[in-house]
Amino acid sequence: MTENERDDSLRPDPDALLALAEKDRRGKLTVFLGAAPGVGKTYAMLTRAGRLKAEGVDVVVGLVETHGRGETAALVDGLEVLPRARIEHRGKVLEEFDLDGALARRPKIVLVDELAHSNPEGSRHPKRYQDIEELIAAGIDVWTALNIQHLESLSDVVAQITGVTVRERVPDVVLKKADEVLLVDLPPTELIERLKEGKVYLPESASRAVDRFFRLGNLTALRELALRRTADRVDEQVVDYLKQNAIEGPWASGERLLVCVGPDDLSEKVVRVASRLASGLNAPWIVVSIERADREVETTERLQRMEALFRLAEQLGAETRRVVGNDFVEEILKLARREHATQIVIGARRNRGWRKFLLPSLPDALSRKAAGLGVYFVTPDKTEKPPAPARFALPGIASYKQSVLIAVALSAATAAVGKLVYVFAELPNISLLFLLAVLGAAVLGGYVSAFIAAVLSALAYNFLFIDPLHTFTITAPHEVFALIVFLSVAIIAGGFASRIKEQAEVARVRATALQSLYEFSRKLSTAGKSDDAIWLAVSHLQASLKRNIVLLLPDKSDLRVAAVWPPDTELDVTDFTAARWTRDKQEVAGAGTGTLPNSRFEFRPLMGPHGLVGVCGIQQSEEQLGPNAERALSAILDQTAIALDRARLSEESLQQAARLEGERYREALLSSISHDLRTPLATIMGAVTSLRQLGDKMEPESRDDLLESIEEEGGRMSRFVSNLLDMTRIEAGTLKPKSDWIDVSDVIHSAVERARKYFPGTVIETGIAPDLPLVEGDSVLLGQVLFNLLDNAVKFGGEEPVNVYARRDGQDVLISVTDLGKGIPPAEIDRVFEKFYRRGKPDGRSPGTGLGLSIARGFVEAMGGKIQAESPAVKKRGTRIVIRFPAGEAAKAEKAKG
Amino acid sequence: MSERILVVDDEPQIQRFLKPALKAAGYDVVEAATGSEALKAVATAAPDLVILDLGLPDMDGKDVLTSLRGWTTIPVIILSARERESEKIAALDLGADDYIEKPFGIGELTARIRTALRHRERAAAGPAVITTDGLVIDTVRRLVTRGEEAVRLTPKEYDLLTLLARHAGRVVTHKTLLTSVWGPAHGEDLHYLRVFIGQLRQKIERDPTQPAIVRTEPGVGYRLVIDL
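Residues numbered from 1 in each chain as written. Chains lettered and ligands numbered in written order. Predicted model: local features only at pLDDT ≥ 70, side-chain atom pairs only at ≥ 80, totals over all residues. Heavy atoms only, no water.

(A) Expanded view of the overall build of chain B. If you tally the helices and strands in chain B, you get eight helices and 12 strands. For chain B, the proportion of its 228 residues judged to be buried stands at 50%. Put simply, 59% of the contacts in chain B that link residues at least 6 apart link residues at least 24 apart. Accessible area for chain B stands at about 10200 Å²; split by element, carbon and sulfur atoms hold 51% of it. (Helix = DSSP H or I, 4+ residues; strand = E, 2+ residues; numbered from the N terminus. Buried < 20%, exposed > 50% of the residue type's maximum accessible area, 1.4 Å probe, protein only. Contact = heavy atoms within 4.5 Å. Areas by Shrake-Rupley, 256 points an atom, 1.4 Å probe, with all protein chains shown as cover.)

Laid out in structure tokens, this is it:
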């Protein structure tokens, strides 16, 4: 450590403090760790809980198995026990820990026994430790119990020691992240004693395994593992403490491990060994796989194997990297330097077959070049099967058998042609012909084919053309040299040719994928609405992945299915739960993941620039998606997310515009109402104060006029207020017209009478047909409608007379009110029935409220009639408002009259 | 001879009560329903005062005011609705003498008319001694007294008070006060005004919590009340 670094380390490490702060918001995990079943973990946990309960801490039992033991059950008695969830599984009802119940109850501390437990199918998480993680994330402290044999990194050691393979495993990270680990220890002899006394509960079925398991040797070994693990933890805590408090001290060793893995069987062992090594050295470790840059298309099997390996490594607490490169050794060393690795861990795999003789093995090459680095080899067990040969299935590139056939056929054909040519003319460089065959084989059959063709060609050439003919012996030394040169050239050229072919194939596959993606984004860019984008995405995904696709969008507090393809795809409850999980946590969930794997779909979040915009479900099948499909999928999802975000923004801006429009409208409405109320009010106020203060100085006519204006303005205000009320009733939908038989001529007469009184000096002419049938409606409302129309006609008609007509028109009764004013411009004729629409300011008269016609329409429509405006009405002037009501049946009408 | 008042309003019912009322109060009344009619009437009928509604059918009342102020100092009283505050202030800043909100009582209007007319005479006669609520402001001797005692004011307070006194009885907008007392750069510094008006009231008012001399016109400005 340099002087400088030491100074730095005197300040508290910000990362360490940050991690501490993060921990403060989360719940705390306490693990009661034991070497074997029966050491008394549950008992210890309950005793401690009882003590805290007595101190008034809110501690509840989430799930504890007492196995009918009295002393343990007695401890549970004093505590609050959460009810268990009942889950139906294959006809049986299982009682399980109720995660949602615990989350809803929100105690300070919850006890959940058996950390390694696997949940039955259909639970949210397959493993209990995942339930517990959720509890902790929700800020609830959790106490749980664990036997050391369930720890993932120790599973192979445990299997070696005890001969029992443990199926329920817990990732090391869970224990590593635990805030407190309490070791519950019992000497093995005492444990065996307890077992004999029947104090340890064990399932019946496991009795034979139990005998093998509970041997003194086994138990002692397990006890050591448990003690060591706990000691390691204590050590880490000391280091953490020192770091947080800036105490200079003996840090971790400073070692960093780089662990190289591949898709072979040995790699799993490499990972486990590296994990133990790392925890022994207290060193961080990075697991890396190197993929050939020119080999795009891996087999699904290899991919799955790598995926599983990486998941294991992550569970054991490693960082994982994928590196792309051609020279394995160079890439490993480059990464080691970049990551400041001090040791490299690698499987000591030897080359197989011909490579053994031609190429140095990876470990050899590495150890030669890794100057200054420790290289740690992990050797395979004897029983280990040789790994499956790495095969690549490129579309368009021949299989193994085909390549051999191609090589043989081409070599034979060339030999025949060569021989034929040889008969007619002795060519000096007949070997070139064979080179052609090798290149042909390389292009058609790939590298293997080229190699076989090269060897076959060399043999054939020797046999057919080199003296002595028809033997494999060579007499002339220069011919030997020529043959060796030929063979080398053929192999190298063949190798290059096949690689070029492969690369061309890869390029073609990529180009196709790019083309398809380009097509998609081009279509997407033309999709303005989010619906279009969704349908495009769903159908495109289905077409390129050949899976059922579902796309869900957030809808208030829930999700709604926005699109599915094919259209008969349906989601069940589990699928929905997984989709919601994805929305809430913005993590992948569902099939093939650690959360709700029972769902048939894998759900991925669609993350736009402003957070989650949707959730996409991809139905899973036996076959996993290849890397190309995976790449295409994430590219499409990214594009869709951006498109959805864009669509959302543009929809929002439209809504914003509509809101602004609405605000403007409300403002106009407000100022209109205030004007219409204030003008008569101002007149009344002014006139009244004038009369009171100056009345005695006025002429009697002036006084009368003022009084009259007060009366008129009062009437105007009252009409305005009742108009407003009518409008409110229409808008609120509370208008319920009576349904009577009404005589239209009667209603017209009384409305005209009223109008004449209000507007003296205006001529109103009526023309009513004598055979007018009755109509069904509300006479008061119809009267109001007619009065409003007359009011309008008088206002806009100038000095000209207003005409009111009524007649029968087929099945309808038709009423019209016509003025001879300026009329309405054709562009505005549809707007006259809108609220607060006004036709300019009429000359010399008070402006309307802009409500008359819209109230008329509201009333007429409520009574089942129709209303419309026509302009010009007569000789390019005027406006006619026409109302139609269906005529009542004559008989009914007669009856009503009678 | 009675003074002539031009009433500019497009609402016939307002004209209908203003005419007999103002006549009864002893004024001659000329009517105009539009902006252009109003401008013509000021030129031909030679009124002594204009009552101007801001909402006119043919042009904005403020434009009428601007045209008028181009060639005459005739007192103008603005008629406006309460919610159109910014318009009102703009009109005052454009040179209107006062404003009155609809609906109003006739007494209020005649008081404003009297103040405006009197001010016109006084402006012609030059500065004078102003008395209000027992407070005497002598702008010639630069002295402010209450009873026998002189009221000690800072130069800014004095400027503020005399500015209000010069427009006694009429509203003076915040902007006018700020730009004349503090300078053109301070037209928006309303908080200066609040502080200094507060200090001024402490010194000149009988009861500073219920000011009787310097009245607040909410959102518009201040008005110095004078004994009529």
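Having seen it, we continue.
(B) Examining the interface of chain B and chain A more closely. Opposite the 20 residues of chain B that make contact, chain A presents 28 residues. Buried area between chain B and chain A, both sides added, is near 1900 Å², and the carbon and sulfur share of it is 59%. Looking only at chain B, the three residues that lose the most surface to chain A are Gln13(B), Arg16(B) and Phe17(B), adding up to 32% of its buried area. Inspection of the region where chain B meets chain A yields three salt bridges. In this structure, Glu712(A) and Arg16(B) form a salt bridge, with 3.1 Å as the shortest nitrogen-oxygen distance. For the interface between chain B and chain A, the tally reads five residue pairs in polar contact (both at pLDDT 80 or more). Elements that contribute at least two residues to the side of chain B that touches chain A include exactly helix 1 (12-24) and helix 5 (106-125) of chain B. Ranked by residue count, the leading element in the side of chain B that touches chain A is helix 1 of chain B, at eight residues. Looking at the side of chain B that touches chain A residue by residue, the class counts come to 11 nonpolar, three polar and six charged. (Buried area = accessible area lost by both parts, 1.4 Å probe. Salt bridge = Lys/Arg side-chain N within 4 Å of Asp/Glu carboxyl O. Polar contact = N/O pair within 3.5 Å; in protein donor to acceptor, adjacent residues only side chain to side chain. Nonpolar A, V, L, I, M, F, W, Y, C, P; charged D, E, K, R; others polar.)

(C) View of helix 1 of chain B. Residues and elements named next belong to chain B. In this model helix 1 runs 19 Å from its N-terminal to its C-terminal C-alpha over 13 residues, within 8% of the 18 Å that 1.5 Å per residue would give. Taken together, the buried positions of helix 1 are Gln13, Ile14, Gln15, Phe17, Leu18, Pro20, Ala21, Leu22 and Ala24. A positive backbone phi angle near 100° is found at Gly26, which sits one or two residues after helix 1. (Expected span 1.5 Å × (residues − 1).)

(D) Just a nonpolar patch on the surface, in detail. Judged by side-chain polarity, Tyr400(A), Val404(A) and Val408(A) come together as a nonpolar surface patch covering roughly 270 Å² of accessible area. Relative to the helices and strands, Val408(A) resides in helix 17 (residues 400-424). (Patch = residues over 30% accessible without salt bridge, like charges linked within 9 Å, V, L, I, M, F, W, Y side chains within 5 Å.)

(E) The packing of helix 18 (residues 431-465) of chain A against helix 19 (residues 477-526) of chain A, seen in detail. All names here are of chain A. At a minimum axis separation of 10 Å, helix 18 and helix 19 run at an interaxial angle of 165°. Of the possible angle classes, the one that applies to helix 18 and helix 19 is roughly antiparallel. Every pair of crossing elements has a handedness; the one defined by helix 18 and helix 19 is right-handed. Among the residues making up the contact of helix 18 with helix 19, the classes are represented as 21 nonpolar, seven polar and one charged. (Axes fitted to C-alpha atoms, helices over the stretch in contact; angles between N-to-C directions. Parallel < 35°, antiparallel > 145°, perpendicular 65-115°, else oblique. Left-handed = near helix turned anticlockwise from the far one by under 90°.)

(F) Seen up close, the sheet that holds strand 7 (residues 135-138) of chain B. Residue and element names in this part refer to chain B. Within the open sheet, the four strands sit side by side as 6-7-8-9. Their pairing is antiparallel. Two strands lie at the open edges of the sheet, namely strand 6 (129-132) and strand 9 (149-150), each paired on one side alone. As paired strands, strand 8 (residues 143-146) and strand 9 are joined by two bridges and run antiparallel to one another. Bridged to Thr145 within strand 9 is Ala150. The strands touched by helix 6 (residues 155-166) are strand 6, strand 7 and strand 8; relative to strand 7, the strand with the most contacts, the crossing angle is about 95°. (Pairing = 2+ DSSP bridges.)

(G) Inspection of the sheet that holds strand 4 (residues 76-81) of chain B at higher detail. All names here are of chain B. Read from one edge of the open sheet, five strands run 2-1-3-4-5, paired in parallel fashion. Looking along the sheet, the strands with just one partner apiece sit at the ends: strand 2 (28-32) and strand 5 (98-102). Geometrically, the sheet is characterised by an average inter-axis angle of 20° between neighbouring strands, direction not taken into account. Inspection of the sheet shows strand 1 (residues 4-8) paired to strand 2 by five bridges, in the parallel sense. When the sheet's bridge partners are listed, Val8 is paired in strand 2 with Ala32. Those strands touched by helix 1 are strand 1, strand 2 and strand 3 (49-53), and its axis lies near 160° from that of strand 2.

(H) Broad picture of unusual backbone geometry. Along the chain, Trp565(A) connects to Pro566(A) via a cis peptide bond; the corresponding omega equals -5°. With respect to the helices, strands and loops of the structure, Pro566(A) is situated in the loop between strand 15 (558-565) and helix 21 (573-585). One non-glycine residue, Ala46(B), lies in positive phi territory at about 50°. On the secondary structure map, Ala46(B) appears in the loop between helix 2 (35-45) and strand 3. The exposure class of Ala46(B) is exposed, given its relative accessible area of 51%. A positive phi angle is found at Arg142(B), which is not glycine, with a value near 50°.

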